[in-house]
Amino acid sequence: MPVQVVWDDDAYTTLRQIYSGHLKLSDYFQASDELERMAKTVPYTVHSIMDRTEVISTPGVLLP
């Protein structure tokens, strides 16, 4: 899978989206849904970081 969503810290205050390879629009939506699901497991504001350093290609509508 070209996207992983993981907690970035032990306090569960930051989620990291790690993108790699050839992305499809559906990968982005799936990661967004997972981020929302994980963020709702805690009763406070959660920040997110997008790591796209390993992306090879993206659809033009995703990251122009």
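Residues numbered from 1 in each chain as written. Predicted model: local features only at pLDDT ≥ 70, side-chain atom pairs only at ≥ 80, totals over all residues. Heavy atoms only, no water.

Side chains three or four residues apart in an α-helix point the same way, a direct result of the helix having 3.6 residues per turn. For helix 1 (residues 25–39), with 15 residues, the first-to-last C-alpha span of 21 Å sits near the 21 Å given by 1.5 Å per residue. Listed in full, the buried residues belonging to helix 1 are Asp27, Ala31, Leu35 and Met38. Viewed end-on, helix 1 has its buried residues packed into an arc of 75 degrees, placing them on one side of the element. In this fold, the buried residues of helix 1 make contact with strand 1 (3–7), strand 2 (14–22) and strand 3 (47–57). (Helix = DSSP H or I, 4+ residues; strand = E, 2+ residues; numbered from the N terminus. Expected span 1.5 Å × (residues − 1). Buried < 20%, exposed > 50% of the residue type's maximum accessible area, 1.4 Å probe, protein only. Arc of directions from axis to C-beta. Contact = heavy atoms within 4.5 Å.)

This part covers the pairing of strand 2. In terms of strand pairing, strand 1 meets strand 2 through five bridges, oriented antiparallel. Note that in strand 2 the partner of tryptophan 7 across the bridge is leucine 15. Between strand 1 and strand 2, which follow one another and run antiparallel, lie six residues, and tyrosine 12 among them has a positive phi close to 55 degrees. (Pairing = 2+ DSSP bridges.)

This paragraph deals with the pattern of salt bridges. Taken as a whole and judged by the stated rule, the model has three salt bridges. The closest approach of N and O atoms between aspartate 8 and arginine 16, which form a salt bridge, is 2.7 Å. For arginine 16, a relative accessible area of 23% translates into the label partly exposed. (Salt bridge = Lys/Arg side-chain N within 4 Å of Asp/Glu carboxyl O.)

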